[in-house]
Amino acid sequence: MPASPSVSAVSRIAYLASDVVVNSLSPTGPSPFQTALNALASSSDSRAAVTNLPFSANAGDTLLRHRSARLLSYTALAHPQILNHLLLHLPELSTTSTVFHVAVTDDLSDALVLQSSLPFVLYSRTAQQAHDHALLASRLAFIESTAVLHIFHVDDDAEKVEEVDSDRVAPFLFAERQSPRSSEQKSATDPSVLLKTYQSAAFATVALVRRPIRPLVQHGASEPHTVIFTLGRATLDYTIEGVSFVDVALLKPLPSTTVLSAISPSVSRVLVLEQIHHWSMKWTPLYLEVVSAIQQSELDPTPVVQSGVLGDARAISESDVAELVQRAATEAPSTRLALGPAPSSTQTAVSAPHIPKHEAAYTKILANLFSGRLEILNSPELVSLQGDIATTPEFALGRARGELEEREELVAAVQELLRDPDVTIELHSLLSRWLAVKDDGVKSKQVGDELAAALEGEKLSNPAAQKVLLFRHLLPARSRWIIGSDAWSYDLGASGLHHAIASRLNVNILILDTTPYTSRNSIDPHRRKQDVGLYAMNHGDVFVASTAVYSSYAQVLQAIMEADRYNGPSVVLAYLPYTTEETPALEILKETKLAVDSGYWPLYRWNPAKEREGKEPFSLDSDFVKNELQQFLDRQNHLSQLTRSTPEVAAELVGSLGENLKQARKQRAQQAYNDLLTAIDAPPLTVLYASDGGKAEKMAKRLATRGKLRGLSTTVATMDSVSIDDIAKEEIVVFVTSVAGQGEFPQNGRNLAKALNARAASGEKVLTSVRYSVFGLGDSHYWPRPEDAHYYNKAGKDLDSRLEQLGAQRFVPLGLGDDQDADGPETGYKPWEQLLWKALGVDAVEVKEKEPEPITNEHIKVASQYLRGTIAEGLEDHTTGALAPSDTQLTKFHGIYQQDDRDIRDERQAQGVEPAYSFMIRVRMPGGVCSPEQWLQMDQIADEHGNGTFKITTRQTFQFHGVIKRHLKSAIQDINRALLDTLAACGDVNRNVIVSTVPTLSKLHRQAYDFARRVSEHLLPRTTAYHEIWLDKKLVAGDALKDVEPLYGEFYLPRKFKVAVAIPPNNDVDIFANDVGFIAIVDEKGELAGFNVTAGGGMGVTHGNKKTYPRTGDILGFCTVAQGVDVAEKIMLVQRDNGNRADRKNARLKYTIDRMGLDNFKAEVERRLGYQLQPARPFSFDKNIDDFGWTTGEDGKHHFTCFIENGRIQDEPERDFKAGLREIAKVHKGAFRLTANQHLIITDVATEDLPTIKRLLAQYKLDNLSQTGLRLSSSACVAFPTCGLAMAESERYLPILIDKVEKICEENGLRNDSIVMRMTGCPNGCARPYLAEIAFVGKAPGTYLMLLGGGYYGQRLNKIYRESVTEPEILAILRPMIKRYALEREPGEHFGDWVIRAGYIAPTTAGKEWWDRAGGEGQYREVAAAA
Ligand SMILES: Cc1cc2nc3c(=O)[nH]c(=O)nc-3n(C[C@H](O)[C@H](O)[C@H](O)COP(=O)(O)O)c2cc1C
Ligand code: SF4
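Along each chain, the written sequence defines residue order, and numbers are assigned to residues from 1. To label them, take the chains in the order written and letter them from A, then take the ligands in the order written and number them from 1. Residues qualify for local features only when their pLDDT is at least 70, as the model is predicted, and side-chain atom pairs are given and counted only at 80 or more; totals for whole chains, interfaces and linings, by contrast, use all residues. The basis for every side-chain value is the complete set of non-hydrogen atoms in the structure, without hydrogens or water.

### Concerning the site of ligand 1
Our working definition: Think of it this way: one heavy atom of a residue within 4 Å of a molecule or strand is enough to make that residue near it. Polar contacts here mean pairs of N or O atoms no more than 3.5 Å apart (in protein, one a potential hydrogen donor and the other a potential acceptor; neighbouring residues in sequence count only if both atoms are side-chain atoms). Throughout, the Shrake-Rupley method with a 1.4 Å probe supplies accessible areas, and for residues the shown protein chains are the sole cover considered. Secondary structure follows DSSP: runs of H or I at least 4 residues long count as helices, runs of E at least 2 residues long count as strands, and numbering of each begins at the N terminus. Under the grouping applied here, Gly and all other residues not named as nonpolar or charged are polar, the nonpolar ones being Ala, Val, Leu, Ile, Met, Phe, Trp, Tyr, Cys and Pro and the charged ones Asp, Glu, Lys and Arg.
Around ligand 1 lies a shell of 23 residues, among which S691, A696, V739, G741 and D819 are the nearest. Interatomic distance of 2.9 Å between a backbone N/O atom of Y791 and a nitrogen atom of ligand 1. For ligand 1, an oxygen atom lies 2.8 Å from a polar atom in the backbone of N793. Contact with the protein chains hides 89% of the accessible area of ligand 1, taken as 640 Å² for the molecule alone. Elements with a contribution of two residues or more to the shell around ligand 1: α27 (695–709) and β24 (771–778). The class makeup of the residues in the shell around ligand 1 is nine nonpolar, nine polar and five charged.

In structure tokens, the structure reads:
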């Protein structure tokens, strides 16, 4: 809605005058105030902080939170659902400097509801008057520290408003409070005292605006017999004999003297016309004022006073007024008169209350669980039929009672029919069946439908039959719910709840608490709804549950279902902390987590039915409960013992229990309040951090939380989010920064660091009033050479000295944390933090509350409603190219990674725009097999949705890059249309199962491939979220009950899980790099007999963190083909239950096995299997690279393995592989198989098709295998520009490095010798670098870790040879090494074995020993690494 002149004028004054403007949004469309305030905020006159509240949010709480503002303004378009909330808070707000600007259209009723609680009420008829009154109201509110109500009209005409200059507003308003009023004066209610106050403010306003401001404006006849007071839009500017008019502009205070001044002795009749159409009370406000003034007067004779409704001003003519005056004389004085028609807008039906969207999180669950039989007894939908009352708990209870009584009648009628001898056997059977199932939600409906149909057919004379048909709608058992939330039925927590509980009816009550944990202290403790739980439990026979959908979805489902089943009242408390409808889901998640973890909002169920069965009635579903609840439970235990021994004493005790609790609660509220006050007095602490990998960020946030728990008022932000000027205003600032790159600041601290450098260089001392301390995180080993030692913790050290140069005072010395210390950076951090608390004088503060844990992936998973999160909503949000951070963790399970273009990240940041977000999509394709049709579709998807290329990955699948959010859904749909999907291609689940590609062994290969498919299908997550979000399959999903994950549970796995199947002698899948491996074993007849099973392989490492290491899998034993799937499942389940969920860096199966011990692990797997694995059978591998070129299989079909460098399918000059493969796919009749080394096999070419395929291969140079052995054995991960973890180039750089290294090989006659060389952009190890003979792992742009000594067929890990090498160093190291290898190797000796024999590097015999002896051996040992 565009802002009208009056709204613009009022908004402007509110904005210029106030510190804070709180605006309630309208039920539909943007509010006119919001439009005006937004326009103001973007203007140069910025002043007030503006808070827009969703339509139904409780503005009272928000206003109270800002009560300390110098001047607070509230704006809203009058609506009962908004203003009725406010009523509760007006007594408290009336002594604050607050102006309520309430705009009305045609009816003042809703706005006038507020008038009784406020001392001043101004009314504006015109936009100009609204402008002047806005000034007057603001001045009154400020000077008198009081609340003022200003009602005005949203005019639709183009009235011109003369506005006061912006720079004159503040001086006018905030002139010294002349004489602070005493508390007695403040509480004065005498209208004449208040009028004086008004007059002095009005006088000042007149001086400013130079227009008259008067409480009443009188015009018309000078000696009237009739006076018409009007409060409403119409200015009745007519000349009617004997009639004068009084336009009221001040409704409160309106002392009788003021009223009487307008009533001359000649007056015999007074008409009071108010523009009030929906006024629900008998007497209207102005009428009351006028009547009481006349009653107090000594007028003789006393004039008759009549009340009337003022209608639409535009339709009122002079003759209407004259006629009214005549009519008044003939009607009885008590008759309500009317002038003009009621405006059309007031005749519309009452609209249903608006329910904020977040609340649907719970109501949807109800709808899903109970679908047809759900009945929300106070549903807002009833409002249009029954009026506002329909949402009250009393109404709902009345309905419930009525329905339950009717159902009892129905049951009695059924029982009576059962006794009727005329009833047929079939009908008898139906009647008794229904009685047996009448409380079962599903069966009662089925049988009930049959029963009703049968009864209709029978035409029985028994009246009971008619009754059953009359109540047929009650045959199905209903699930009856009353919902209490901020949106409607707010008071359910008090009297309504009490009635519901006392009624003992079988109704369920869902109460939503939306108070965010972090603002819990600013809310009146007496109104906290979670005490309702204790209150209800004290009744003994009420089912009570406390739930939080963003903490545990499953617990909510369980609680709601138990509540439904419980025969009696049930109360389900539901936590949903949000402030506005725009509050992002991650914020709700965070708040929920804080509340649940700290015990503020424990999750529990209290089911008295269980107690009756002799079971424990209380189930705690979260870790921690508050003392109050614990005390209750302790007492409850004590009580149940007591009840058994002396029942009469117990009753008394139960009775007094509530009182004690109330007392305890009161004390606690007081304590919370005191704590809050301390926090306000405590010194403010600002924590600023810069972090790339998240360690410094976590530390900074933890520091801020700890500060808060110690009573400091802390804020935490990234360094780049503040300016030097911001810092200069702070008192105490603490910095936490890591180092990223050679001594550089992390990305989110670079700008501030640069600015500090510049200021320091100019010699300015701008931070003299700031006290500071710095904690730096670094790694003394990251740049191990002695000449690079100065990079260690350089950022922290530089920052510390820069701040000193700028005049800031260091109050705690610089603290340094080193990744190399025993406890990592924590070792240095702990003493520094202690010093900090000491210096701030809070070291002795006892921290009572539990420190909330940070949100981890585990929380995100469990709160995601089986991987839904808010992905669907995020896709609809077109204001950003990204998804919410928690959702980006969840999309991984759907095969989707959010990335951004790292090449242009800095540039975009400098431009102030968000990073260039796009998504990587990974397909799930067990065994890497696809048809030519599917290939063509992939090719098209890359063009239509991605960056025009696609990649074959090391897990034998396709990966698309550069898919923007808008294309995400259609890309996934297209992939599914190609009969492939992306589910579980990433995430903490079993990933794409890979299998050796040896098509020449057709039969064996087919069997192994079938097996891989079965494992993949078996280990797939079962959630329907994927279909619901991406494929719009609403019918499949939506039913919450269908979402169970029999294998994974709500938490899924602690970390990713990888399975591979190898067919010796080729180990192209690198079986030992997988969590689970199946090595195919062939029997004497050449048939697949089964598999040797391996477990515990994995690649990922963190630079410098010795608790992390790569590991090769161990062989557990042999299983048959039939047992294989079960073996994979059981290994996965042992990992699910034993993996480390507290530390993702230590969560893979490899660590679990080392922690448990291999024997124990194997025993646990076998225990779950119920049998022992057979001893492993002999096998042998001879390589882990691909066989390029043509081969012919057992069945005579031909296969060609192409070399696709690093798997990238794209068109390049001279190498248009993408186009070539597209042409091949168009004619090929066999299949495509992707290899785990990122190459491609075109399989199953019939002899007659060979010429065509060969021609195409040649045409597109896809048959070019004249590469060196080194290149053919190489492999690189994606890294820059898309991978968010990349520290250095990989896919784009390895081919360039190989150009140089292969020259060395060629010089030494090793052109065709295969040396496995791999590169990755970070230690995550996607291209399995730790198994390569030579490997490079990115550390920083252009710098790599160098590793040597991996086993040629993937059987042995390599080891760090140099901690940091650049290209010249790589070449300098490799040149003599390769030369020696060419000369000294024994026949068939591979490079990886030779470097060990030649003494360059020690062999790695187990993952745990990977770090030992790193840095080379003997004369080749790196000096710094040895230190
Ligand atoms: C790419 C990169 C470069 C680094 N450069 C340095 C460095 O120059 N000096 C140093 O002391 N630490 C260096 N480190 C180590 C980190 O500062 C250290 O691991 C820190 O704990 C990471 O914190 P963060 O997760 O908050 O970024 C580097 C780490 C990475 C990943
Ligand atoms: S190894 Fe690291 S840089 Fe390379 S793709 Fe994997 S995560 Fe990205």
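Having put the structure on the table, let's press on.
### A short note on the environment of F172
Heads up, the rule is: Between buried and exposed lies partly exposed: a residue is buried under 20% and exposed over 50% of the maximum accessible area for its type, with that area taken using a 1.4 Å probe on protein chains only. Whether two residues touch is decided by their heavy atoms; if any such pair falls within 4.5 Å, the residues are in contact.
As for its placement among the helices and strands, F172 is situated in helix α8 (residues 166–173). Classification of F172 by relative accessible area gives buried; the value is 8%. Along the backbone, F172 and T205 are 33 residues apart, and their C-alpha atoms lie at a distance of 8.1 Å. Leaving out residues up to four positions away in the same chain, F172 has contacts with L135, R139, A204, T205 and L208.

### Some words on the site of ligand 2
Taken together, C1277, V1278, A1279, C1283, L1285, A1286, T1320, G1321, C1322, N1324, G1325 and C1326 make up the full set of residues adjacent to ligand 2. Class assignment of the residues belonging to the shell around ligand 2 gives a composition of eight nonpolar, four polar and no charged.

### Some details on the sheet that holds strand β1 (residues 20–24)
So the rule is basically this: In this description, strands pair whenever DSSP reports at least two bridges between them. The angle between two axes is taken between their N-to-C directions and runs from 0 to 180 degrees, where each axis is a line fitted to C-alpha atoms and a helix contributes only its stretch in contact.
Ordered in space as β2-β1-β3-β4-β6-β5-β10, the seven strands form an open sheet in which the pairing is mixed. Where the open sheet ends on each side, the last strands, each with one partner, are β2 (49–53) and β10 (250–252). Here the average twist between neighbouring strands, direction ignored, is 20°. Note that strand β5 (residues 120–124) and strand β6 (residues 147–153) share five bridges and pair parallel.

### Quick look at the pairing of β5
Applied cut-off: The handedness rule is simple: strands pointing away from the viewer, and a clockwise path from the first strand over the helix to the second, make the crossover right-handed.
Counting buried positions over the five residues of β5 gives five, a clear majority of the element. Side-chain alternation along β5 places F120, L122 and S124 on one buried face and V121 and Y123 on a second face that is also buried. Between the parallel pair β5 and β6, the chain is carried across by helix α7 (residues 127–144), and the sense of this crossover is right-handed. With two bridges connecting them, β5 and β10 associate as antiparallel partners.

### Some words on the environment of K850
In this structure, K850 sits in the loop between α31 (826–839) and α32 (857–862). Judged by its relative accessible area of 32%, K850 is partly exposed. Put simply, K850 and R706 are 144 residues apart on the chain and 9.9 Å apart in space, counted from C-alpha to C-alpha.

### Focus: the nonpolar core
The nonpolar side chains of a soluble globular protein tend to be buried with one another. The criterion, for reference: By nonpolar core is meant a set of buried Ala, Val, Leu, Ile, Met, Phe, Trp, Tyr and Cys residues that side-chain atoms within 4.5 Å join together.
Counting 130 residues, the largest nonpolar core has W935, F960, W1030, F1078, I1131 and L1221 as the members making the most contacts within it. Tallying contributions element by element places helix α40 (residues 1121–1138) first for this core, with seven residues. Look past the residues within four positions of W935 in its chain and what remains in contact with it is C930, F950, F958, I1209, L1221, R1222, A1225, F1232, L1234 and L1240. Residues L64, L112, L216 and F229 belong to the second largest nonpolar core, which totals 52 residues.

### Observations concerning the packing of aromatic side chains
Rule in force here: Two rings from Phe, Tyr or Trp (for Trp, the six-membered ring) form a pair when their centres sit within 6.5 Å of each other. Planes less than 30 degrees apart are called stacked, planes more than 60 degrees apart edge-to-face, and all others tilted. Consider the ring centre and the ring normal. A charge sits over the ring if Lys NZ or Arg CZ is within 6 Å of that centre and within 35 degrees of that normal.
The final tally for this structure, using the stated rule, is 36 aromatic pairs. When the centroid spacing of 5.3 Å and the interplanar angle of 70° are considered together, the rings of F1179 and F1181 count as edge-to-face. A relative accessible area of 7% places F1181 in the buried class. Ring centres 5.4 Å apart and planes at 85° place the aromatic pair Y1330 and W1410 in the edge-to-face group. Placement of Y1330 in the loop between β45 (1317–1320) and β46 (1334–1340) and of W1410 in the loop between α48 (1391–1397) and α49 (1423–1426) is noted, with a sequence separation of 80 residues between them. By the ring-pair criterion, three or more aromatic residues cluster together here, those being Y1361, Y1381, F1391, W1394, Y1400 and Y1420. The ring of W1190 has K1254 sitting right over it, with the charged end atom 5.4 Å from the ring centre.

### Observations regarding helix α29 (residues 750–761)
We apply this condition: Take the residue count of a helix, subtract one, and multiply by 1.5 Å to get its expected span. In this description, one arc is meant: the one made by directions from the helix axis to the C-beta atoms.
For α29, with twelve residues, the first-to-last C-alpha span of 16 Å sits near the 16 Å given by 1.5 Å per residue. Of the residues making up α29, those classed as buried are L752, A753, L756 and A760. In an axial view of α29, the angular spread of the buried residues amounts to 100°, which keeps them on one side of the axis. For α29, the exposed residues lying more than 90 degrees away from the buried face are K754 and A761. On its buried face, α29 is in contact with α28 (724–729), β23 (732–738) and α30 (794–805). One or two residues past the end of α29 sits G763, with phi positive at roughly 75°.

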